[in-house]
Amino acid sequence: MEQGVTLILNSLTLISILVLVSLGLAIIFGLMNVINLAHGEFVTIGAYTLALTQAMGGNYWVALVMAPLIGAMFGLLIEKGMIRYLYEKPTSIILATWGLGMVLQQGLQLVFGAAPQRVSSPISGAVDILGASYPAYRLMLIGFSILIILACYALLRFTRFGLDIRAVIQDRSMASALGIDTERVNARAFALGAALAAIAGVLIAPLTVVIAQMGINYLARSFFVVIVGGIGGVGGVVAGSTLVGGLEGFMNYHLPVTVSQALVLVAAIVIVRFRPRGLVPA
Amino acid sequence: MLNTTSLKAAYGAVPVLLGVDLALGEGEILALLGRNGAGKTTLMRTLIGLLKATGGSVTFAGADITNFPPHDIARRGIAYVPQGRGIFPKLTVAENLELGTRSRPDGRSDVPAEIFDYFPRLRERLSQSAGTMSGGEQQMLAIGRALAGDPKILLLDEPSEGIQPSIVHQIGEFLKRIVADTGISVLLVEQNIDLALATADRCIVMEKGRIVREGSVEEMSDETVMREFLAV
């Protein structure tokens, strides 16, 4: 019983992390068809925001508010300065964002050094759940990711910007012929995706090692999540994360990590073979 | 209202419009006829800005709008209903209509009530996914959505395509009523000659990327003219 509860909560933590990292990617990939290999670095930027804030004596919550703003700013800068010239050239975008990712990694390492950054979580201790004692911060992470899922859903479903995004995903030409400035939608959506990744960075940071290369760990798996789950919607991200995170969480318990990750990859390939548009196509 | 001067456009390296001169007057329904491949749809796409002109110019209400981005042209008051209707199938009828208001100069996003006077069907289906409606209903939605932006010009590409004959007739009636009520101008591309002749004030015929004939509906109704330019 106790073990079972811990296992489920561990899986939920992993799923939450995947959801947080993948939401921004799903918006950027789904909307603009942009394969952004620098997405992991947006997560890193969020984590470093936390490290820097705490190093300067600020607290966790300040960083949680600052990170999305800094992420959005970076996103906007990158979209305006680079991505928007490359929409017609998908391969160039892959190369350019890959290069950008390396520049960001090395830049962070130059400024902050190669040693892991110190970060601390805002709450410590454990909570008893059905006889299992579980770290309170992880429960907070799960709670936050549920909140962010709901907020993203509401944003896409009920706001003017959300409707514009959904229209552009379905038919870009028609959306522009109706008077929607699709370039502006692109820029804002890119900023939003980066902001979400930066929030994810803050939330994940206390559970991981904060180094300049940390983003790479999340990049491949978040593409998995988006492709398996279905491109372009919040539902797809949740489904993909649940599958990838759930499988990995349960198998990690019985198998070596590398084996379970390989099996998840096999499962993803099988699913995409039979459902090429993902579990929950938008 | 809307004029083009030796307008040229191409798909890649293939020239399609070879110099189109066209004048659409205020409150006029102008039918654009011609065989498949004459360049009618290309002309429409160039007018709304989805295809870049490679030469010539487009002026609207006195301003040169050649190669303006589509959203800018739409906000100036030109609405476009493409061939195949261009509705967003996964969005609801209400959402489709709301997107039609994005081109309103006043920035409002509520759908004008007149739309539902013209198309009461749409009111009953507001929460339905647009893709689940019949072809005729989708066409009404596409026209209603275009009108929601309060345009001065409506570009309508093959509204009768894939629609039951009874509804085709209705669409012609709607168009005449809308023009009478609002004074907008319509450029109507139509393969269904009966619909075009029953609706339009004036006709132009396109062939191989040029306007080759222009005339009143009566002149166009003449058998020999029809056979010469339009015969299948």
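The shown structure was predicted, so the numbers you read here are calculated from the model rather than taken from an experiment.

Asker: Explain the overall build of chain B to me, please; I cannot follow it from the model alone.
Answerer: Scanning chain B from terminus to terminus reveals ten helices and ten strands. Here chain B has a C-alpha radius of gyration of 17 Å; the compact-globule value for 232 residues is 17 Å, and the two agree. Across its three principal directions, the C-alpha atoms of chain B cover 45 × 35 × 30 Å. A total of 232 residues make up chain B; the buried ones form 55% of that total. Pairs at least 24 residues apart make up 68% of the contacts formed inside chain B by residues separated by at least 6 positions. Summing over all exposed atoms, chain B offers an accessible surface of approximately 9,600 Å²; the carbon and sulfur share of this is 49%. Positive and negative side-chain charges in chain B, numbering 24 and 29 respectively, have mean positions lying 6 Å apart.

Asker: Quick question: what am I supposed to make of the interface of chain B and chain A here?
Answerer: Many descriptions give the size of an interface as the accessible area lost when the pieces come together. Listed per partner, the contact involves 22 residues of chain B and 19 residues of chain A. A combined buried area of about 1,900 Å² lies between chain B and chain A, and 58% of that area is made up of carbon and sulfur atoms. Here chain B and chain A share three salt bridges between them. With its nearest N and O atoms 3.1 Å apart, the salt bridge here joins Glu95(B) to Arg157(A). Linking chain B to chain A there are eight residue pairs in polar contact (both at pLDDT 80 or more). Contributions of two or more residues to the side of chain B that touches chain A are made by helix H2 (70-76) and helix H3 (93-100) of chain B.

Asker: How should I be thinking about the environment of Ala47(A) in this particular structure?
Answerer: Position of Ala47(A) among the secondary structure elements: in helix H2 (residues 39-55). Look past the residues within four positions of Ala47(A) in its chain and what remains in contact with it is Val119(A), Gly201(A), Val202(A), Ala205(A), Val210(A) and Met214(A).

Asker: Please explain the sheet that holds strand E4 (residues 53-60) of chain B as it appears in this structure.
Answerer: Where strands meet in a sheet, backbone hydrogen bonds hold them as pairs that are either parallel or antiparallel. All names here are of chain B. Pairing is antiparallel in the open sheet, where four strands are placed in the order E2-E1-E4-E5. Pairing within the sheet leaves two strands with one partner each, and these edge strands are strand E2 (14-24) and strand E5 (63-64). Pairing analysis gives eight bridges linking strand E1 (residues 2-11) to E2, with the strands arranged antiparallel. Considered in E2, the bridge of Lys 8 is made with Leu 18.

Asker: Help me out: how do you make sense of helix H6 (residues 160-170) of chain A in this one?
Answerer: For an α-helix, the turn length of 3.6 residues means that residues three or four places apart are oriented alike. Among the eleven residues in H6(A), eight count as buried, and that is most of the element. Where H6(A) is concerned, the buried positions are Phe161(A), Gly162(A), Leu163(A), Asp164(A), Ile165(A), Arg166(A), Ala167(A) and Val168(A). Buried residues belonging to H6(A) abut helix H1 (2-32), helix H5 (136-158), helix H7 (172-177) and helix H8 (182-204) of chain A together with H3 of chain B.

Asker: How should I be thinking about the sheet that holds strand E8 (residues 185-189) of chain B in this particular structure?
Answerer: Residue and element names in this part refer to chain B. The six strands are arranged E6-E7-E8-E3-E9-E10 in an open sheet whose pairing can be described as mixed. Across the chains shown, the open sheet's two edge strands, defined by having one partner strand only, are strand E6 (78-81) and strand E10 (210-216). Ignoring strand direction, the axes of neighbouring strands in this sheet form an average angle of 20°. Pairing geometry for E6 and strand E7 (residues 153-157), over four bridges, is parallel. Residue pairing in the sheet places Ala 79 in a bridge with Leu 154 of E7. Against the sheet, helix H7 (residues 165-182) contacts strand E3 (29-33), E7 and E8, and its axis sits at roughly 140° relative to E3.

Asker: Would you mind showing me how to read the environment of Val168(A) here?
Answerer: Residue position: Val168(A) is located in helix H6. On a C-alpha basis, the gap between Val168(A) and Ile271(A) in space is 27 Å, while along the polypeptide they are 103 residues apart.

Asker: Help me understand the pattern of salt bridges in this model?
Answerer: In total, this model carries 13 salt bridges over all chains according to the counting rule given. Across the salt bridge formed by Asp72(B) and Arg76(B), the nearest N and O atoms sit 3.5 Å from each other. In this pair, Asp72(B) and Arg76(B) both sit in helix H2, four residues apart, roughly one turn of the helix. Ionic contacts of the salt-bridge type, sharing partners, join the residues Arg157(A), Arg166(A) and Glu95(B) into one network.

Asker: Would you mind going over the environment of Ser216(B) with me for this structure?
Answerer: Turning to its location among the elements, Ser216(B) is positioned in strand E10. Sequence separation of Ser216(B) and Cys203(B) is 13 residues, and the distance between their C-alpha atoms is 6.0 Å.

Asker: Could you clarify how one ought to interpret the pairing of E1(B) in this entry?
Answerer: Strand residues, when the strand is regular, have side chains that alternate between the two faces of the sheet. Residue and element names in this part refer to chain B. With antiparallel pairing between neighbouring strands as the criterion, E1 and E2 make up a hairpin whose turn holds two residues, including Gly 12 at a positive phi of roughly 65°. Direction of pairing for E1 relative to E4: antiparallel, over a ladder of six bridges. Considered in E4, the bridge of Asn 3 is made with Thr 59.

The rules behind each value
- Residues numbered from 1 in each chain as written.
- Chains lettered and ligands numbered in written order.
- Predicted model: local features only at pLDDT ≥ 70, side-chain atom pairs only at ≥ 80, totals over all residues.
- Heavy atoms only, no water.
- Helix = DSSP H or I, 4+ residues; strand = E, 2+ residues; numbered from the N terminus.
- Rg over C-alpha atoms; globule rule 2.2 N^0.38 Å.
- Buried < 20%, exposed > 50% of the residue type's maximum accessible area, 1.4 Å probe, protein only.
- Contact = heavy atoms within 4.5 Å.
- Areas by Shrake-Rupley, 256 points an atom, 1.4 Å probe, with all protein chains shown as cover.
- Lys, Arg positive; Asp, Glu negative; His and termini not counted.
- Charge placed at Lys NZ, Arg CZ, Asp CG, Glu CD.
- Buried area = accessible area lost by both parts, 1.4 Å probe.
- Salt bridge = Lys/Arg side-chain N within 4 Å of Asp/Glu carboxyl O.
- Polar contact = N/O pair within 3.5 Å; in protein donor to acceptor, adjacent residues only side chain to side chain.
- Pairing = 2+ DSSP bridges.
- Axes fitted to C-alpha atoms, helices over the stretch in contact; angles between N-to-C directions.

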